[in-house]
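# Observations on the model geometry
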Amino acid sequence: MREPVSGKQRGATRTRVQRGVISILWALAGVALVVFMWEAVKFVGSFIDLPLNTSDTSMPHVWTMVDAFSNPVVRGSDTTVLQAVVSATLTSLKIALGGFAIGVTFGIILAVIMQRFAFFERGLLPFVIASQTVPLIALAPLIVGLGNRISLGPIEWTTTYSVMFIAAYLAFFPLSVGALRGLQAPSATSLELMRSYAARPNQMLWKLRFPSSVPYLVPALKVSAAAAVVGTVVAEISTGVKGGVGRLLIEYARETTSQPAKVYVAVFGAIALGLAAAALVSALDLYLTRNLPKESQA
Amino acid sequence: MSSVQTSHQAVDVQGLWKIFNEGSNNEVTALSDINLSIKPGEFISLIGPSGCGKSTLLRVIGDLTDATRGEVFIAGETAHIAREKQLYGIAFQQAALFDWRTVRRNVELPLELQGLGKKERRERALELLELVQLSDFAEHRPWELSGGMQQRVAIARSLAVDPPLLLMDEPFGALDEMTRERMQNELLRICQETGKTIIFVTHSIPEAVYLSDRVVVMSPRPGRITHTVPIELGERNEDTRETDTFYAGVTAVREALRGRSTSASPSRIEEF
Ligand SMILES: Nc1ncnc2c1ncn2[C@@H]1O[C@H](COP(=O)(O)OP(=O)(O)OP(=O)(O)O)[C@@H](O)[C@H]1O
Ligand SMILES: [Mg+2]
């Protein structure tokens, strides 16, 4: 009976891979459509007046953008724009991932505390919700200012940590709320069953509550990862911290008159950042839901 | 199984009351003055209209909810100690299997929580799956099984720690008639093989009569025991359901449920 089992599982993976291939094809079709639309608008714009500036300075040709990849960052430099954007994107990715990890960790810890002690849920949840009304992005420069006064002994607080903090803060909220709902998801029967086994509170958490929270956790992780990425890029822009793709966006945007295609390379970097985060979360999704029936893989 | 069992009742319920929301205006007296003694190895069915407190009684016995007044002993221990010591296994109407575990690991769960070694609990789980004739599905996921198969897994799981007492709350409620009869026979076989005491909640009169040594009839508002109908069918087999004794048992329980038999012919009940 071992045979059919593994056979079945292999079958399931195959359909997953197939689904993966199909969604990649769709994504490529989407990219092709955007490129086509872009060029179509430019083409139409060269004949009639559109309420949109379709000149090569504001809407460079797609091939000009691709061409711009290999331009040097500044005249005579060895590094190409592509290299600069790739390294900036990687820097931002590290910050976003750091913020995501911190936000997820705190989100889960807080959810566990709120689930465990109804008192904390009543006391903390309103604050967690209210915290989201604080426009942290707008306060970013203030946070950088505060951050500069933090001293952590040997570790030097840099502006990068402030950006990471903002990303973590934005990632934290959707996660803690989703995780709390997930931890509260087990049915009364499952809870009674565990009680009948005289399960200890930590066993209750690891053997029942965490596994049953997965269907709630996965969408929360998706939202959190997106929030961490957006938070990172926007915080980079608003604090002007060097090294990330956010700063590159402003820098290259200033050069549109001379090199209109350059800023789009940075835009591609930002898009790649979002895609990397999405890919990471999808991998997490596949891992976490590997044992669950298809229906609950929302 | 042993000194504890010979010197004590398997289950002893004394003057038990369960009142939900006591003192508030939505107070519900779910159980009133329940007295019930069950001998080791006895098969007891609880039957009665919806809301008469069958599940509540089972849950109080299992220490899943507190008694308002009165006491419950399982093999001489308080319900709380009995639960801590895993002196009973429980199965509900919903199989309540964990989707993220294989069938085998679902059966292992109670043993895992007790800290039994990997190898031992695996062996025990496979043994139990054989008992419920699901060896072939050990590595399947619960959702790949039919409702009846899932229910058998739940029964195997309730037997995992080899408890002397089984509490079963309408475990066959969701099954079709054929599957149900097969499961009843399997349950009786398991009981015979393992000598367990069983408290079985059901809505089906024939099921209660077929399975039980004693059928406990309850009535609602407030939930209480109105009759106890002893059943003496001897060894059950294919023809048991056709015998006069069986029909007489069914009639007696039905009369009791209508609240008649005490006034009509109280002695008849004792005859069985
Ligand atoms: N947690 C609770 N809070 C308040 N009242 C409850 C609670 N659980 C049960 N009750 C009440 O106790 C009474 C008995 O309920 P119980 O579930 O034991 O009935 P039952 O005999 O098992 O019914 P059924 O045959 O429908 O399963 C009902 O009136 C019900 O409303
Ligand atoms: Mg019930």
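How each quantity is defined
- Residues numbered from 1 in each chain as written.
- Chains lettered and ligands numbered in written order.
- Predicted model: local features only at pLDDT ≥ 70, side-chain atom pairs only at ≥ 80, totals over all residues.
- Heavy atoms only, no water.
- Buried < 20%, exposed > 50% of the residue type's maximum accessible area, 1.4 Å probe, protein only.
- Helix = DSSP H or I, 4+ residues; strand = E, 2+ residues; numbered from the N terminus.
- Arc of directions from axis to C-beta.
- Contact = heavy atoms within 4.5 Å.
- Near = heavy atom within 4 Å.
- Polar contact = N/O pair within 3.5 Å; in protein donor to acceptor, adjacent residues only side chain to side chain.
- Areas by Shrake-Rupley, 256 points an atom, 1.4 Å probe, with all protein chains shown as cover.
- Pairing = 2+ DSSP bridges.
- Salt bridge = Lys/Arg side-chain N within 4 Å of Asp/Glu carboxyl O.
- Phe/Tyr/Trp six-rings, centres within 6.5 Å; stacked < 30°, edge-to-face > 60°.
- Lys NZ or Arg CZ within 6 Å of the ring centre and 35° of its normal.
- Buried area = accessible area lost by both parts, 1.4 Å probe.
- pLDDT = per-residue confidence, 0-100.
- Axes fitted to C-alpha atoms, helices over the stretch in contact; angles between N-to-C directions.

Residue and element names in this part refer to chain A. Within the span of helix H9 (residues 245-253), buried status applies to Val245, Gly246, Leu248, Leu249 and Tyr252. Across the axial projection of H9, the buried residues extend over an arc of 160 degrees, all falling on one side. Against helix H3 (81-116), helix H8 (201-239) and helix H10 (262-288) lie the buried residues of H9.

All names here are of chain B. What surrounds ligand 1 is the set Phe20, Val28, Ala30, Ser50, Gly51, Cys52, Gly53, Lys54, Ser55, Thr56, Glu170 and His203. Gly53 places a main-chain nitrogen or oxygen 3.0 Å from an oxygen atom of ligand 1. Take Lys54: an N or O atom from its side chain is 2.7 Å from an oxygen atom of ligand 1. With the chains in place, 63% of the 630 Å² that ligand 1 exposes on its own is no longer accessible. Looking at the shell around ligand 1, the elements that each hand over two or more residues are strand E2 (28-38) and helix H2 (54-61).

Further remarks concern the sheet that holds strand E4 (residues 69-74) of chain B. Residue and element names in this part refer to chain B. Reading across the sheet, the 4 strands line up as E2-E1-E4-E5 and stay open at both edges, with antiparallel pairing between neighbours. Of all the strands in the sheet, just E2 and strand E5 (77-78) have a single pairing partner and so form its edges. Note that strand E1 (residues 11-20) and E4 share 5 bridges and pair antiparallel. Bridge pairing links Trp17 to Arg69 in E4.

This paragraph deals with the pattern of salt bridges. Scanning the entire structure with this criterion turns up 26 salt bridges over all chains. One salt bridge in this structure joins Arg59(B) and Glu192(A), with 2.5 Å as the shortest N-O distance. Note that Arg59(B) is positioned in helix H2 and Glu192(A) in helix H7 (residues 188-196), a pairing that runs across two chains. When the shortest N-O distance is used, the salt bridge between Arg104(B) and Glu139(B) registers 2.7 Å. Remark: Glu139(B) occurs in the loop between helix H5 (118-131) and helix H6 (147-158) and Arg104(B) occurs in helix H4 (residues 103-113); sequence separation between them is 35 residues. Here the salt bridges do not stand alone but share partners, grouping Arg195(A), Arg200(A), Asp63(B), Arg83(B) and Glu84(B) into one network.

With that settled, the discussion passes to the pairing of strand E6 (residues 88-91) of chain B. Residue and element names in this part refer to chain B. Of the two faces of E6, the one carrying Tyr88 and Ile90 and the one carrying Gly89 and Ala91 are both buried. Pairing between E6 and strand E7 (residues 165-169): 4 bridges, direction parallel. Each bridged residue has a counterpart across the sheet, and for Tyr88 the counterpart in E7 is Leu165.

Our next topic: the packing of aromatic side chains. One pass over the full model with this rule turns up 9 aromatic pairs over all chains. Linked through ring pairs, Phe43(B), Phe172(B) and Phe200(B) together constitute an aromatic cluster. One residue, Arg290(A), lies across the ring of Tyr287(A), its end atom 4.2 Å from the ring centre. Above the ring of Trp17(B), the side-chain terminus of Arg69(B) is found at 5.5 Å from the ring centroid.

Residue position: Thr105(A) is located in helix H3. Here the alpha-carbon distance between Thr105(A) and Thr189(A), two residues 84 residues apart in the chain, equals 29 Å.

Every contact between the two is made by 23 residues of chain A and, on the other side, 27 residues of chain B. At the boundary of chain A with chain B, total buried surface from both sides reaches about 2600 Å², with 59% on carbon and sulfur atoms. Connecting chain A to chain B are 4 salt bridges. The partner of Glu84(B) in a salt bridge is Arg200(A), and the shortest N-O contact between them spans 3.0 Å. Linking chain A to chain B there are 10 residue pairs in polar contact (both at pLDDT 80 or more).

The next thing to look at is the confidence of the model for chain A. For chain A, per-residue confidence averages 84 on the pLDDT scale, and residues scoring 70 or more make up 93% of the total. Every residue in residues 1-11 of chain A scores below 50 in pLDDT, and together they form 7 contacts with partners more than four places removed in sequence or on other chains.

The subject of this paragraph is the sheet that holds strand E9 (residues 214-219) of chain B. Residue and element names in this part refer to chain B. With mixed pairing, 6 strands are arranged side by side in an open sheet as E6-E7-E8-E3-E9-E10. The two strands at the open ends of the sheet, each matched to only one other strand, are E6 and strand E10 (224-230). Averaged over all neighbouring strand pairs, the angle between strand axes comes to 15 degrees, with direction disregarded. Pairing geometry for strand E3 (residues 43-47) and strand E8 (residues 197-201), over 4 bridges, is parallel. The residue bridging Ser45 from the neighbouring strand is Phe200, located in E8. Helix-sheet contacts for H2 involve E3, E7, E8 and E9, and the interaxial angle to E7 is about 150 degrees.

Moving on, we get to unusual backbone geometry. Across the junction of Arg221(B) and Pro222(B), the peptide omega takes the value -10 degrees, indicating a cis bond. Here Pro222(B) lies in the loop between E9 and E10. Within the chain, Ala198(A) stands out as a residue other than glycine whose phi angle is a positive 55 degrees. Residue class for Ala198(A) comes out buried when judged on its relative accessible area of 9%. You will see that Ala75(B), though not glycine, has its phi angle at about 45 degrees, which is positive.

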